[in-house]
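In case you want the letters, here they are:
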Amino acid sequence: MACCIGLLLVSSLTSQQNIQKNAEKSAAYFESAELFEKLGKGKQDATERDNYADCISTGIAYQLGNTEPIEGTDRSNPFIRILEARFTQDEEHFENVDDGLERAVYEGAEGNRTYSRYWHGGAAVIRLLLPFFDVEGMRIIFYALGIIINLVWVIFLVIRREYLLAVPYLLGVDAGKILFGYTCFEYMYVCLFVNIFSIVIYMIMNQNVKKKELRFAPEALFLTIGILTCFFDFLTAETATFTIPAFVSLYVMENALNKPYTIQKEGEDKKKTSPWMYLLRIGLFWLLGYAFMFLLKWGLCAVVLGPEEARLALSSIAERTVGEVHETLNTASETVGIFDRIMILFERNFACLYSIPNGTAKGAVRLILFAVPAFFYILWFFFRDKDSLHGKDKKTGKKEYSFFPVYLTLAAVPILRFLVLSNHSYLHYFFTYRALMILVMVLAYWFIKTTILTYFLKSR
């Protein structure tokens, strides 16, 4: 937490003069692009880039080091600047955020709006890189970095013959269009964390297996992931940073428990080392890191900036959960009832996951959403392996511990997330659907494991 706050403070000390040139280039870049830009040939919602949010992040980055006085605020204090997270937008005259960014950069317009409920770690990264690159250049760098990390991770799994993990993982990130995620600051951090922390937890768990003891505590890693997710993410598909590394670690644990030894400390209760207890522990630690990082920000805002800032944060929570949604983006249109809201948000998120083209009739969308899992169920029925279904290893005849309920619980996390944050999932389905990557991974893994395909892809 201290390092995260330190990153913001260091970024705020970067002089305006050093970032001015690339800030101007960035403002011109956003002016030339659509605020909600669909990438790729298909122009699907699933590949929509949120330049609106990236404009805000760039605006906050620009104002982090702006010490020009604003009435009622001591802008000479960097701690106040990072808590306020100001950017420029004239809401009274319906100004778009790209126009506000242009006024701030070219005309020196003050940061008249605060966005204090988030930490905006991404804005700190943007400001630290602005002396060297404009936004377009940063996006290219992170896109290349994302591709490299994915390639390294998959090649590493293939070299280790972890095909049962590699194939579902690839299917999951492909369904989540993760490569598109690297081209937008708003989505980028979740997409990077999914890969980076999957690699780290795989190494940690395998080291524990190799030494036949718990040499490294996975809970510490998941606590860290929760903190960093809160600090960098803009509430996109945040649960993926927990569910996907957890899936990887459960895969390693499953393979370990089906071997002659288990990962267990001497004298430790077996209930504490069960996959259920393990999932509960790492889940709680991730949630603690994520929630307390938010509480720290809101608490600091309440103490330093006044209780009004904390009240705004709490009101945003209410809006994202039970706030009204409308039939169209026009708030004058009719509001949607709770049943229709739930139905539509799931349709929209799964339609993005399935890459269903825009403009497809609602009836056809619902047919596809039903037909695809039905097809794979029929396929599974004819290719299922009875030994696997009964929990027996084909080679040894040894009965394996069934991890299926644990995996299924993990896959249900994004469903719960959609229900809790129904307003947010309804409006921002074009990026929240990436939380469903874990569902694809789990179902693909279990499909392979319980069918004859497992004999071709079994790692050991």
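Residues numbered from 1 in each chain as written. Predicted model: local features only at pLDDT ≥ 70, side-chain atom pairs only at ≥ 80, totals over all residues. Heavy atoms only, no water.

## Looking at the overall build of the protein
Scanning the protein from N- to C-terminus turns up 23 helices and four strands. Looking at the 460 residues of the protein, the share that counts as buried comes to 52%. Long-range contacts, defined here as pairs at least 24 residues apart, represent 77% of the contacts in the protein between residues at least 6 apart. Accessible surface, the protein as shown: approximately 21500 Å² in total, 64% of it carbon and sulfur. (Helix = DSSP H or I, 4+ residues; strand = E, 2+ residues; numbered from the N terminus. Buried < 20%, exposed > 50% of the residue type's maximum accessible area, 1.4 Å probe, protein only. Contact = heavy atoms within 4.5 Å. Areas by Shrake-Rupley, 256 points an atom, 1.4 Å probe, with all protein chains shown as cover.)

## Here's the deal with the layout of surface pockets
In this structure, the largest pocket occupies an estimated 1500 Å³ of space. Lining the largest pocket are 48 residues, and of these Phe36, Tyr52, Arg320, Leu427 and His428 sit closest to its centre. Counting only elements with at least two residues in the lining of the largest pocket, the list comes to strand 1 (36-38), strand 2 (48-50), helix 3 (51-63), strand 4 (113-114), helix 14 (307-322), helix 20 (422-427) and helix 21 (429-432). Among the elements that line the lining of the largest pocket, the one with the most residues is helix 14, at seven residues. When the residues that make up the lining of the largest pocket are grouped by side-chain class, the tally is 20 nonpolar, 13 polar and 15 charged. (1 Å grid on protein atoms, 1.4 Å probe; cavity = no way out; pocket = protein on both sides within 12 Å on 5 of 7 lines; lining within 4 Å. Points joined across faces, edges and corners; volume = space filled by probe spheres on them. Nonpolar A, V, L, I, M, F, W, Y, C, P; charged D, E, K, R; others polar.)

## Comments concerning the pattern of salt bridges
Charged atoms that come close allow side chains of opposite charge to pair. One pass over the full model with this rule turns up 13 salt bridges. When the shortest N-O distance is used, the salt bridge between Asp54 and Arg139 registers 2.6 Å. Here the residue Asp54 occupies a position in helix 3, and Arg139 occupies one in helix 7 (residues 135-159), the gap between them amounting to 85 residues. Neither Asp54 nor Arg139 differs from the other in exposure class; each is buried. The residue Arg103 makes a salt bridge to Glu95 at a minimum N-O spacing of 2.7 Å. Sharing partners across several salt bridges, the network here consists of Lys38, Asp45 and Glu48. (Salt bridge = Lys/Arg side-chain N within 4 Å of Asp/Glu carboxyl O.)

## As for the packing of helix 3 against helix 6 (residues 121-129)
The contact between helix 3 and helix 6 brings their axes to 8 Å, and the two run at 65 degrees. Of the two elements, helix 3 crosses helix 6, and the hand of that crossing is right-handed. Residue-level contacts link Ser57, Thr58, Ile60, Ala61 and Tyr62 of helix 3 to Ala123, Ile126 and Arg127 of helix 6. When grouped by side-chain class, the residues that make up the contact of helix 3 with helix 6 number five nonpolar, two polar and one charged. (Axes fitted to C-alpha atoms, helices over the stretch in contact; angles between N-to-C directions. Left-handed = near helix turned anticlockwise from the far one by under 90°.)

## Structural notes on unusual backbone geometry
Positioned with a positive phi, Arg161 is a non-glycine residue whose angle comes to about 60 degrees. Along the chain, Arg161 turns up in the loop between helix 7 and helix 8 (163-175). Phi is positive for Leu235, which is not a glycine, with a value near 60 degrees. The topology assignment puts Leu235 in the loop between helix 11 (218-232) and helix 12 (240-257).

## Concerning the confidence of the model for the protein
Of the residues in the protein, 88% reach a pLDDT of 70 or more, and the chain-wide mean stands at 87. Within the model, the stretch residues 260-267 combines pLDDT values under 50 with 16 contacts to residues more than four positions away or in other chains. (pLDDT = per-residue confidence, 0-100.)

## With respect to the packing of aromatic side chains
Following the criterion strictly, the structure yields 41 aromatic pairs and no others. Look at Phe156 and Tyr202: their rings are 5.7 Å apart centre to centre, the planes differ by 90 degrees, and that puts the pair in the edge-to-face class. You can see Phe156 sitting in helix 7 and its partner Tyr202 sitting in helix 10 (residues 185-211), a full 46 residues away along the chain. The class for Phe156 is partly exposed, based on a relative accessible area of 25%. Between Phe376 and Phe447 the ring centres are 6.3 Å apart and the planes differ by 90 degrees, which places this aromatic pair in the edge-to-face class. Of the two residues, Phe376 is situated in helix 16 (residues 362-383) and Phe447 in helix 22 (residues 437-449); the sequence distance between them amounts to 71 residues. Among the aromatic residues, those joined into a cluster by ring pairs are Phe87, Tyr115, Tyr118, Phe222, Phe234, Phe242, Trp286, Tyr290, Phe294 and Trp298. Geometry around Trp119 places Lys297 over its ring, the cationic atom sitting 5.3 Å from the centre. Over the face of the ring belonging to Tyr187 we find Arg434, whose NZ or CZ atom lies 4.9 Å from the ring centre. (Phe/Tyr/Trp six-rings, centres within 6.5 Å; stacked < 30°, edge-to-face > 60°. Lys NZ or Arg CZ within 6 Å of the ring centre and 35° of its normal.)

## Considerations on helix 5 (residues 97-107)
Because an α-helix packs 3.6 residues into every turn, residues spaced three or four apart end up facing the same way. Buried within helix 5 we find Val97, Asp98, Gly100, Leu101, Ala104 and Val105. Taken around the axis of helix 5, the buried residues stretch over an arc of 160 degrees, which confines them to a single face. Close packing links the buried residues of helix 5 with helix 2 (16-32), helix 3 and strand 3 (86-87). Within two residues after helix 5, Gly108 carries a phi angle of roughly 75 degrees, on the positive side. (Arc of directions from axis to C-beta.)

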